[in-house]
Every structure is written in structure tokens, then in C-alpha cells.
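Spelled out, the chains give:
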Amino acid sequence: MTNAHQPTDAARQMSETLALLQAHVPIQRRVVHAGDRLFQAGQPFTTLHVLNSGFVKVVNLAADGREQVVGLQFKGDWLGFDGIASERHTCDAVALDTGEVWSLRYADLLAAGAREPRLLQRLHAAMSRELGRDRESMLSMATLPADARVADFLRSW
């Protein structure tokens, strides 16, 4: 039985990751407000972001101009992985409320990861979680009716 005052394994890992980042990587902290964009589609990629508080939606713009929400990010989530391969972001990240974002230059993170392997492991774990969430989301969209998709989202939240 777990004590209600003890952090969950996920919360503990998130705290450890944030502490590792603080110790080894220059971080730019900034407060964001509802509607602020962390990055936009087409913008050159240089930086990854870790959400320290608040909520962020990740959106794509459809050809007809409609905004399609493709993800919701919460405390401890990383943002910006979409820009690594093409060196440009492929979507927008928009704050949904007031929160704090930690921004780290990707080059600084890689250099720190070479010196501190635990950092690189945490980066890879975050990427793996993102891939798993994307796969689950696609499966949900393809196979579940709308009410079950909402229930699945609420369960994972």
C-alpha cells in the first residue's frame, strides 16, 4: 500500500529529471499564459521544452485552416521532438493556461548527455513515452467510438 504523501514513481522520475536538467544544462525558464506559443510550425528547431507547470496543446493546421489538436501536454512532458529530424517544427505548441516552461537548447542537452549518461537515458525515455502515446492515440482514433475516446482520454489524464 502506498502512502498518500509519497510521490508516485512517475512523479519521482519527473522530479529527478528536472533536477538532472537543472544541474547539467543551461535552462531558460519562462512563464507562459493562455494563448502564448512555445513554437510554431515552420519555425527552425533549436530548443526542446519541458513543461514545469500548466497545460499546452499541440496543434496542426489543416489545409482548410482548421486547427486540429493532436496532443495535450502536462507537467513533466517534453515538447519539440517534432523538430529534431527536419530541423523545423511541424506543429504549434500553445499554452492553455498560465504555466512555467523550461527551454533547453538541443545542442546543450546533447553535450550534457555525453557527460551525464542519465540525462541521455531520460531524454530517450521521454521520446519513447511520446511514441507510445502517439501510437495509443492513433489506435484509439481508429477503433473507438467518440464516447469511448473521451473516456480513454480522461483515464489517461
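Keep in mind that this is a model prediction, so the values were computed, not measured.

Which residues make up the overall build of the protein, and what values do they have?
A tally of helices and strands in the protein yields four helices and eight strands. Along the protein, from the amino end to the carboxyl end, the secondary structure elements read α-β-β-β-β-β-β-β-β-α-α-α. A total of 157 residues make up the protein; the buried ones form 34% of that total. Counting only contacts in the protein whose residues sit at least 6 apart along the sequence, the fraction spanning at least 24 positions is 75%.

Give a detailed account of helix α2 (residues 106-115), specifying residues and quantitative values.
When α2 is considered as a whole, its buried residues turn out to be Tyr106, Leu109, Ala112 and Gly113. When α2 is viewed along its axis, its buried side chains cluster within an angular range of 125° and face the same direction. Among the exposed residues of α2, those oriented more than 90 degrees off its buried face are Ala114 and Arg115.

Help me get a handle on the side chain of serine 103, residues and values and all.
Secondary-structure assignment places serine 103 in strand β8 (residues 99-105). At 2.8 Å, the side chain of serine 103 and the side chain of histidine 49 are in polar contact. Every residue in contact with serine 103, bar those within four places of it in the chain, is listed here: Pro26, Ile27, Gln28, Arg30, Thr47, Leu48 and His49.

Quick one: what's the story with the environment of arginine 29, residue by residue and with numbers?
Within the element layout of this structure, arginine 29 appears in strand β1 (residues 28-32). If near-sequence neighbours (up to four positions away) are discounted, arginine 29 is found in contact with Gln22, Glu100, Val101 and Trp102.

Cut-offs and rules
- Position numbers for residues start from 1 in each chain and track the written sequence from start to end.
- A pLDDT threshold of at least 70 governs which residues receive local features in this predicted model, and a stricter bar of 80 or more applies before side-chain atom pairs are shown or counted, although totals over entire chains, interfaces and linings include all residues.
- By convention in this description, side-chain values take in all heavy atoms of the structure and omit both hydrogens and water.
- Secondary structure counts use DSSP, requiring at least four H or I residues in a row for a helix and at least two E residues in a row for a strand, with both numbered from the N terminus.
- The buried label applies to any residue whose accessible area, calculated with a 1.4 Å probe on protein chains only, is under 20% of its type's maximum; exposed applies above 50%, and partly exposed to all values in between.
- Note on contacts: a residue pair qualifies if any of its non-hydrogen atoms lie within 4.5 Å across the two residues.
- An arc is given here, and it is the one of the directions from the helix axis to the C-beta atoms.
- Polar contact is the term for a pair of N or O atoms within 3.5 Å; when the atoms are in protein, one must be able to donate a hydrogen and the other to accept it, and sequence-neighboring residues count only if both atoms are side-chain atoms.

Spatial relationships are all this shows, so hold off on functional conclusions.
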